Amino acid sequence: MKSANIPRLLFVILLLSLALILFSHALAQSETPPAADIVAGAELYDRWYAYLGVNPPSGDMPIWSRQTTNSRSGAETWRCVECHGWDYKGVEGAYASGSHLTGFPNVMKLAAGLSLEDIVSHLHGSKDPAHDFSKYMDDTSLRRLAEFLKAGTIDDSQYIDPISLQPRNANIEHGRQLFTGICTTCHGDDGRKIVFRSEGIDESLGSIANRDPWRFLHRTRFGVAGTKMPIGSNLGWSPEDGRDILAYVQTLPSGFEIQVNTPQVAKTVTPVASLGGPAHDLWTGILTGLGAFAGAASYSILFIAGFVLVGVLVVTLLKKRK
Ligand code: HEC
Ligand code: HEC
């Protein structure tokens, strides 16, 4: 080989190593965040101030005045879910009509095109100063919100028919088995032991499941912010398990034709079987390993190649001077 070709060869090696490094970074990005972070993000999305145990900001969220169709005010207007929906689809989903209509966007779709860093930066108000939450939440919380939006959301239309509001392809018997025991301790066999007071009416778990299946599914998967309750995700339940429970609870009585006297919010908390930790299966394990190997290998090649390149350049320069 002619010595003049060596720098060219080294240059190619450099470029290849750079490509490998970019590739391994992309792999690292696609890694699933820890399940506990996603649950935290989901509860922050539900009602961040309840999750953090702080008072909601006073007045309405600044963006709220850009719409006139949703007449809620105060604390509610600061919840991610009030603007972006339980199905995360904002105006393109269940909040396309009804009292929750605001016209605000489908956050699942927007988040899909953004990196975690982009989302955190948006939550700092980088794009729209009125959308700044950094005064109220630290970066850990903002990052968990971003992780939830990237890795925890599901397309609810796979599980819930938007017209009939009934679950698709559900196994009601499987839902009954999951619900009985772990959920009935607090909610009762008929889902009426805890009375939910929402928008001025008394509701049972059954009526929530029928009226707002998206909210039911989100909260069965991730719990209710500020409430100690077994969390589907921590029990290792899949979205399909959540859907099956939803289908079963929809068959429970909706109304309160038999008057329930006292709201019985249980004081005792059933220990939650925490499966914790990242949900790593074999495939993500292999990808992570590959990514780490590619990363380490390409950094070493880059280092050696750069070193040799400098050497060769010095030698050629010296030769030319002679
Ligand atoms: C009062 C309504 C409202 C609330 C509350 C709200 N958002 Fe938004 N969000 C919007 C609007 C409107 C947009 C469209 C872009 C903009 O103006 O910021 C948006 C855009 C976004 C985007 C996309 C940003 C982009 O670059 O396209 C993300 C991500 C997001 N919101 C996350 C959240 C999270 C997380 C919360 C809760 C901490 C939240 N939003 C609370 C109204 C709201
Ligand atoms: C330790 C008692 C306890 C257990 C066990 C429990 N819950 Fe709950 N659940 C609660 C409380 C308390 C609330 C909140 C009540 C409120 O908002 O006033 C709640 C709320 C909910 C909601 C939200 C309803 C709404 O307002 O949107 C859903 C859905 C739900 N529970 C489903 C379940 C499922 C499914 C199980 C079984 C995995 C379960 N719960 C087990 C105590 C419990």
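Structure: see above.
So what's going on with the site of ligand 1? Which residues, and what values?
As a matter of local geometry, ligand 1 sits amid 26 residues, with Cys-80, Cys-83, Leu-110, Asp-128 and His-131 nearest to it. With 4 residues, helix α3 (residues 80–84) is the single largest residue contributor to the shell around ligand 1. A breakdown of the residues in the shell around ligand 1 according to their chemical character gives 19 nonpolar, 4 polar and 3 charged.

Residue-level account of the packing of helix α10 (residues 213–222) against helix α11 (residues 239–250), with values.
In the contact formed by α10 and α11, the axes pass within 9 Å of each other and the chain directions differ by 125°. Relative to α11, α10 is oriented oblique. Regarding α10 and α11, the two cross each other, and that crossing is right-handed. On the side of α10, the interface is formed by Pro-213, Phe-216, Leu-217, Thr-220 and Arg-221, while α11 contributes Pro-239, Gly-242, Arg-243, Ile-245, Leu-246 and Val-249. Of the residues belonging to the contact of α10 with α11, the class tally is 7 nonpolar, 2 polar and 2 charged.

With reference to specific residues and values, describe unusual backbone geometry.
Its identity is not glycine, yet Tyr-88 carries a phi of approximately 65°, on the positive side. Positioned with a positive phi, Asn-169 is a non-glycine residue whose angle comes to about 50°. By the secondary structure assignment, Asn-169 is in the loop between α6 (139–152) and α7 (172–179). Taking the number of C-beta atoms within 10 Å as the measure of exposure, Asn-169 has 10 and is therefore exposed.

Quick one: what's the story with the site of ligand 2, residue by residue and with numbers?
Around ligand 2 there are 22 residues in total, and Cys-183, Cys-186, Arg-219, Thr-220 and Met-229 lie nearest to it. A total of 4 residues in the shell around ligand 2 trace back to one element, the largest contributor, which is α10. The class makeup of the residues in the shell around ligand 2 is 14 nonpolar, 5 polar and 3 charged.

Got a sec to walk through the environment of Ala-42? Specific residues and values, please.
Structurally, Ala-42 can be placed in helix α2 (residues 35–52). Distance from Ala-42 to Phe-222, taken between C-alpha atoms, is 6.3 Å for residues 180 residues apart in sequence. The contact partners of Ala-42, leaving out residues within four places of it in the chain, are Phe-148, Gly-152, His-218 and Phe-222.

Procedures and definitions
- Residues numbered from 1 in each chain as written.
- Chains lettered and ligands numbered in written order.
- Predicted model: local features only at pLDDT ≥ 70, side-chain atom pairs only at ≥ 80, totals over all residues.
- Near = placed C-beta within 6 Å.
- Helix = DSSP H or I, 4+ residues; strand = E, 2+ residues; numbered from the N terminus.
- Nonpolar A, V, L, I, M, F, W, Y, C, P; charged D, E, K, R; others polar.
- Axes fitted to C-alpha atoms, helices over the stretch in contact; angles between N-to-C directions.
- Parallel < 35°, antiparallel > 145°, perpendicular 65-115°, else oblique.
- Left-handed = near helix turned anticlockwise from the far one by under 90°.
- Contact = placed C-beta atoms within 7 Å.
- Buried ≥ 20, exposed ≤ 12 C-beta atoms within 10 Å, placed from the backbone.

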